Amino acid sequence: MKEPTRPLPGPVRQVVEDPQRRDMLAALSVLDSDPDPDFDRLTRLASQIFDVPVALITLLDVERQWFMSKAGLDDDGTATDISFCAHTIASKHDYMVVEDTTLDERFADNPLVTGPHHVRFYAGAPVVVRGQRIGALCVLAPQAKHDVPQKQLQQLADLAATASSLFELKDEARVRARTAAALIREEWRHALTLEAGRVGSWVWDLRTDEVVANDILRRMFELPVDVPMTGRDMLGNVHVADRPGVDEALRAAFDDGIDYVSEFRVDPTGRWLLGRGRVYQRDGNGKPLIMMGVHLDLTETREAAEHTRLLLRELNHRVKNTLAMIQSLARQTMRRNPDPERFIDAFSGRLRTLSESHALLSDRDWSGIGLLELVGLQVRGDVDLQAEQIELNGEDVFLPPDHALGLGLVLHELASNAARFGALSVPEGRVVIRWIKRQAPDLRVELQWTETGGPPVVEPQEYGLGGKLIERSLAKVLDSSVELTFPQTGVEARISFPLPVEA
């Protein structure tokens, strides 16, 4: 039986029907998609944190609410008119809580409350993708809950933010795959353009070996335009390594009557040509007399194909590295923080750091990023402090992608530790970040992180995960080093890594 619906309040309906929000939801192409284990992990964590039977990631379309991920519920969705999450995305707050739905006039007669689901408690946080609230991560229970701890609600908001980052990362991967397919289509289009505009034609009299050809073909073979031309002249300019293939294709055309097709290089120039031809006249014994054909310049096409292969290899390399890094971070964070609440606190910040660095590098086609921008993002952007507590001193340096990702994680961990335990945990604390680009004996960046004015420092007996990440995040950059010291005045870090010659 179809569940009854009731109109949403005007302001809520206006948010649901907002064209920009609907366009973003449509652009993600996730409605009715297959279950995704990454999102399912988030809903399971939310259910555990709140100790409730049901947790959902919902996506709000105009007429229906679809469950992207669900823990403890078999339904695929509901009508938008009875959606709690519609109110969440319209609230403009970090989360919405309904401690007892029967006492809330918005939901007291809602079919989800009065019907077989018996929803009595709801808490939800919006999922925001590129500024648009496309849905929510929510938890539901059949019993009312009062005085929900603020910490749990903040964790729900953090989980929703993690879901938002996952949507953006997965959409970026989908766009990259679509771009790769477009590059392949562009390669074929380019080949057709060459065939239409750069065709060398020829007629070969096999009895006399004389070839009549247009000027384009003569230029392809580096042959003069005002001198008689023979088949021997053409074949003599085929690269020696490619002659067996050309000879075999010609033999098949002469003896078996199939079309001649061969790719080869021209010896004087190294350019790649595609030859196509057919025997059009034979004598009474079947001996070939006249052969006609064309040659097409494939050099740009082959270069474009090689460029596409390089782009695809780079894409695969980056995706594999990113997934490996996320998996490693998750494993190490979970090993140190088996409790779901502590895991979310520790992992979401590192995932956000990686996501922000990836977004910047992606905007620059993975060419690299400036050190000043990276420091600003991972230090000032990650710590809610007055700018005067942090001093930056150094000339901007362009960092390659691997350097930027590794150094970004190092800076995030240093800033997070300073904000929780070190110089940035007190108003009078101060962090000075200085770096220089050294030219000799090799091109290298030397960066010094110095904390002062914070609580007295005691060197730890054993590094936690943060300390280990600081020391190991630049491991992929050969000949790099990170040295942590713990003078009583504040933590210090000395970071050194080489730069490519062109940096």
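None of the values given here were measured: they were computed from a predicted structure. (Residues numbered from 1 in each chain as written. Predicted model: local features only at pLDDT ≥ 70, side-chain atom pairs only at ≥ 80, totals over all residues. Heavy atoms only, no water.)

Enquirer: Help me understand the pairing of strand 5 (residues 121–129) in this model?
Expert: Two faces make up the sheet, and in a regular strand the side chains alternate between them. Taking burial as the measure, the nine residues of strand 5 include eight buried ones, the bulk of the element. Bridging between strand 4 (residues 96–98) and strand 5 involves three bridges; their strand directions are antiparallel. The residue bridging Met-96 from the neighbouring strand is Gly-124, located in strand 5. Examined bridge by bridge, strand 5 and strand 6 (residues 132–141) share nine bridges and lie antiparallel to one another. Across the sheet, the residue bridging to Ala-123 is Val-139, located in strand 6. (Buried < 20%, exposed > 50% of the residue type's maximum accessible area, 1.4 Å probe, protein only. Helix = DSSP H or I, 4+ residues; strand = E, 2+ residues; numbered from the N terminus. Pairing = 2+ DSSP bridges.)

Enquirer: Looking at this model, I keep getting lost on helix 13 (residues 401–420). Mind explaining?
Expert: Since there are 3.6 residues in each turn of an α-helix, residues three or four apart along the chain are aligned in direction. In this model helix 13 runs 29 Å from its N-terminal to its C-terminal C-alpha over 20 residues, within 8% of the 28 Å that 1.5 Å per residue would give. The buried fraction of helix 13 is high, at 16 of 20 residues. (Expected span 1.5 Å × (residues − 1).)

Enquirer: Just to check I follow, could you spell out the sheet that holds strand 2 (residues 64–71) for this structure?
Expert: Backbone hydrogen bonds hold the strands of a sheet together, and the pairing may be parallel or antiparallel. Spatially, 3-2-1-6-5-4 is the arrangement adopted by the six strands of the open sheet, whose pairing is antiparallel. The open sheet terminates on both sides in strands that have one partner only, identified here as strand 3 (77–79) and strand 4. Between one strand axis and the next, the sheet turns by 25° as a mean value, whatever way the strands run. Helix 4 (residues 84–91) rests against strand 1 (54–60), strand 2, strand 4, strand 5 and strand 6 of the sheet, and its axis sits at about 130° to strand 6. (Axes fitted to C-alpha atoms, helices over the stretch in contact; angles between N-to-C directions. Contact = heavy atoms within 4.5 Å.)

Enquirer: Got a minute to help me understand the nonpolar core in this structure?
Expert: For soluble globular proteins, the rule of thumb is that nonpolar side chains tend to be buried together. Ranked by size, the top nonpolar core spans 36 residues in total, and within it Leu-399, Ile-433, Trp-449, Ile-495 and Phe-497 carry the most contacts. Of all the elements in the fold, those that place two or more residues in this core are helix 12 (371–380), helix 13, strand 16 (430–438), strand 17 (444–452), strand 18 (481–485) and strand 19 (492–498). Examining the composition of this core, we find that seven residues originate from one element, helix 13, more than from any other. Beyond its immediate chain neighbours, meaning those up to four positions away, Ile-495 contacts Leu-407, Val-410, Leu-414, Val-445, Glu-446, Leu-447, Leu-474, Ser-481 and Val-482. One finds Phe-50, Ala-71, Ala-125 and Val-127 within the second-largest nonpolar core, a separate group that totals 35 residues. (Core = buried A, V, L, I, M, F, W, Y, C linked by side-chain atoms within 4.5 Å.)

Enquirer: Which parts of the structure should I look at to understand the environment of Leu-156?
Expert: With respect to the secondary-structure elements, Leu-156 resides in helix 6 (residues 150–197). When its relative accessible area of 0% is taken as the criterion, Leu-156 is described as buried. For the pair Leu-156 and Ile-49, spaced 107 residues apart in the sequence, the C-alpha separation amounts to 8.5 Å.

Enquirer: Sorry if this is basic, but what is going on with empty space enclosed by the protein here?
Expert: It is the rolling of a water-molecule-sized probe over the atoms that shows where space remains empty. Throughout the structure, instances matching the rule amount to two cavities of 30 Å³ or more. Counted as a void, the largest cavity has a volume near 80 Å³. Lining of the largest cavity is provided by Trp-202, Trp-204, Phe-221, Met-234, Leu-235, Val-238, Val-246, Leu-250, Tyr-260, Phe-264 and His-295. Contributions of two or more residues to the lining of the largest cavity are made by strand 7 (199–205), helix 8 (231–236), helix 9 (243–256) and strand 10 (260–265). (1 Å grid on protein atoms, 1.4 Å probe; cavity = no way out; pocket = protein on both sides within 12 Å on 5 of 7 lines; lining within 4 Å. Points joined across faces, edges and corners; volume = space filled by probe spheres on them.)

Enquirer: Sorry if this is basic, but what is going on with unusual backbone geometry here?
Expert: Excluding glycine, a negative phi dihedral is what most residues carry, and trans is how most peptide bonds are arranged. Positioned with a positive phi, Ser-29 is a non-glycine residue whose angle comes to about 55°. Following the sequence through the fold, Ser-29 ends up in the loop between helix 2 (19–28) and helix 3 (37–50). Judged by its relative accessible area of 46%, Ser-29 falls in the partly exposed class. The backbone phi angle of His-118 is positive, close to 50°, even though this residue is not glycine. Secondary-structure assignment places His-118 in the loop between helix 5 (111–114) and strand 5.

Enquirer: What should I look at first to understand the pairing of strand 18 in this one?
Expert: Burial of strand 18 is one-sided: the residues Val-482 and Leu-484 facing one way are buried, the residues Ser-481, Glu-483 and Thr-485 facing the other way are not. Two strands pair when backbone bridges link them, and strand 18 and strand 19 are joined in this way by five bridges, in the antiparallel orientation. The residue of strand 19 that forms the bridge with Glu-483 is Arg-494. Between strand 18 and strand 19, which pair antiparallel in sequence order, lie six residues; one of them, Gly-490, sits at a positive phi of approximately 155°.

Enquirer: I would appreciate a short explanation of a nonpolar patch on the surface in the present structure.
Expert: A cluster of nonpolar residues, Val-203, Val-212, Tyr-280 and Met-292, forms a patch on the protein surface that exposes about 370 Å² of accessible area. Owing to a relative accessible area of 32%, Val-203 belongs among the partly exposed residues under this scheme. (Patch = residues over 30% accessible without salt bridge, like charges linked within 9 Å, V, L, I, M, F, W, Y side chains within 5 Å. Areas by Shrake-Rupley, 256 points an atom, 1.4 Å probe, with all protein chains shown as cover. Salt bridge = Lys/Arg side-chain N within 4 Å of Asp/Glu carboxyl O.)

Enquirer: Would you take a moment to explain the environment of Asn-393 for this structure?
Expert: Structurally, the position occupied by Asn-393 is in strand 14 (residues 390–393). Taking the C-alpha atoms as reference points, Asn-393 and Ile-433, separated by 40 residues in sequence, lie 6.1 Å from one another.

Enquirer: I would appreciate a short explanation of the sheet that holds strand 12 (residues 288–297) in the present structure.
Expert: A sheet is described by the order of its strands in space; here six strands give the open sequence 9-8-7-12-11-10, paired in antiparallel fashion. Every other strand in the sheet has two partners, leaving strand 9 (229–230) and strand 10 as the edge strands with one partner each. Here strand 10 pairs with strand 11 (residues 272–282) via six bridges, running antiparallel. In the sheet register, Val-261 faces strand 11, and the bridge partner there is Arg-276. Each of strand 7, strand 10, strand 11 and strand 12 is contacted by helix 9, which is oriented at about 165° to strand 10, the strand it contacts most.

Enquirer: Please clarify how the side chain of Gln-65 should be interpreted in this entry.
Expert: Inspection of the secondary structure puts Gln-65 in strand 2. For Gln-65, a relative accessible area of 4% gives the class buried. For Gln-65, the side chain forms a polar contact with the side chain of Ser-83, separated by 2.6 Å. (Polar contact = N/O pair within 3.5 Å; in protein donor to acceptor, adjacent residues only side chain to side chain.)

Enquirer: For this particular structure, what's the right way to read the confidence of the model for the chain?
Expert: Detailed reading of the predicted coordinates is not advisable wherever pLDDT is low. Of all residues in the chain, 80% have pLDDT values of 70 or greater, and the mean over the chain is 84. Throughout residues 190–195 the model reports pLDDT below 50, and contacts reaching past four residues in sequence, or to other chains, amount to eight contacts. (pLDDT = per-residue confidence, 0-100.)

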